[in-house]
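Next come the chains, spelled out residue by residue.
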Amino acid sequence: MTPARVKPTISPELLNQIDVRVGTIESVSDVANSEKLVALRVNFGDHWRTVLAGMKRERANPREVEGKQALFVVNFPPRKMAGLVSEGMLFDIGYADGITPVLAVPESRVPNGTRAG
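The structure contained in this document is the topic of the report that follows. (Residues numbered from 1 in each chain as written. Predicted model: local features only at pLDDT ≥ 70, side-chain atom pairs only at ≥ 80, totals over all residues. Heavy atoms only, no water.)

### Thoughts on the packing of aromatic side chains
And then number 1: Under the defined criterion, the tally for this structure stands at one aromatic pair.
And then number 2: Ring centres 5.5 Å apart and planes at 85 degrees place the aromatic pair phenylalanine 44 and phenylalanine 72 in the edge-to-face group. Here the residue phenylalanine 44 occupies a position in the loop between strand S2 (38–43) and strand S3 (48–53), and phenylalanine 72 occupies one in strand S4 (residues 69–73), the gap between them amounting to 28 residues. We note that phenylalanine 44, like phenylalanine 72, is buried. (Phe/Tyr/Trp six-rings, centres within 6.5 Å; stacked < 30°, edge-to-face > 60°. Helix = DSSP H or I, 4+ residues; strand = E, 2+ residues; numbered from the N terminus. Buried < 20%, exposed > 50% of the residue type's maximum accessible area, 1.4 Å probe, protein only.)

### Some details on a nonpolar patch on the surface
And then number 1: Taken together, the side chains of Ile10, Leu14, Leu15 and Ile18 define a hydrophobic patch exposed on the protein surface, amounting to about 360 Å² of accessible area.
And then number 2: Inspection of the secondary structure puts leucine 14 in helix H1 (residues 12–16). (Patch = residues over 30% accessible without salt bridge, like charges linked within 9 Å, V, L, I, M, F, W, Y side chains within 5 Å. Areas by Shrake-Rupley, 256 points an atom, 1.4 Å probe, with all protein chains shown as cover. Salt bridge = Lys/Arg side-chain N within 4 Å of Asp/Glu carboxyl O.)

### Some details on the pairing of S2
And then number 1: Counting buried positions along S2 yields five of six residues, so the element is predominantly enclosed.
And then number 2: Here strand S1 (residues 20–30) runs beside S2; their pairing, made up of six bridges, is antiparallel. Paired with valine 28 across the bridge in S2 is leucine 40.
And then number 3: Of the pairings in the sheet, the one linking S2 to S3 comprises six bridges and is antiparallel in character. Residue pairing for S3: leucine 40 is matched across the bridge by valine 51.
And then number 4: Hairpin connection between S2 and S3: a loop of four residues separates the two successive antiparallel strands, and glycine 45 in this loop has a positive phi of roughly 90 degrees. (Pairing = 2+ DSSP bridges.)

### Structural notes on the nonpolar core
And then number 1: Among the nonpolar cores identified, the biggest contains 15 residues, and Ile25, Leu40, Met55, Phe72, Leu90 and Leu103 are the most heavily contacted of them.
And then number 2: Contributions of two or more residues to this core are made by S1, S2, S3 and S4.
And then number 3: Residue contributions to this core peak at three residues, all from S2.
And then number 4: In contact with leucine 40, other than residues within four places in its own chain, are Ile25, Ser27, Val28, Arg49, Thr50, Val51, Ala53, Met55, Phe72 and Leu90. (Core = buried A, V, L, I, M, F, W, Y, C linked by side-chain atoms within 4.5 Å. Contact = heavy atoms within 4.5 Å.)

### A closer look at the pattern of salt bridges
And then number 1: Under the defined criterion, the tally for this structure stands at five salt bridges.
And then number 2: For glutamate 64, the salt bridge identified is with arginine 59, shortest N-O distance 2.6 Å.
And then number 3: When the shortest N-O distance is used, the salt bridge between glutamate 66 and arginine 63 registers 3.1 Å.

These values are about where atoms sit, not about what they do.
Laid out in structure tokens, this is it:
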């Protein structure tokens, strides 16, 4: 794989607008009306959210991520997809480069809701 070019420079203020937090994926369920989406039930410490992620084609068993911590963008507006509402975005590594994605995870366990950045 050849790495993609670095994107244009942004300001620190723009980066500070993105709220990235650690959450534990408590459960993974199928999204019946989609060939690629699963619904993640994510614990952010003080609240839970449903985040839809395109894992069906990427993993033989999407439930293998249950119990793992990962990084999520939590300040996107809710978005309806395949009849369900997604309340955030899972960060993954590899999808944009056309390789099998992996979760972006903390090096060791941290409290749910911990902010990145």
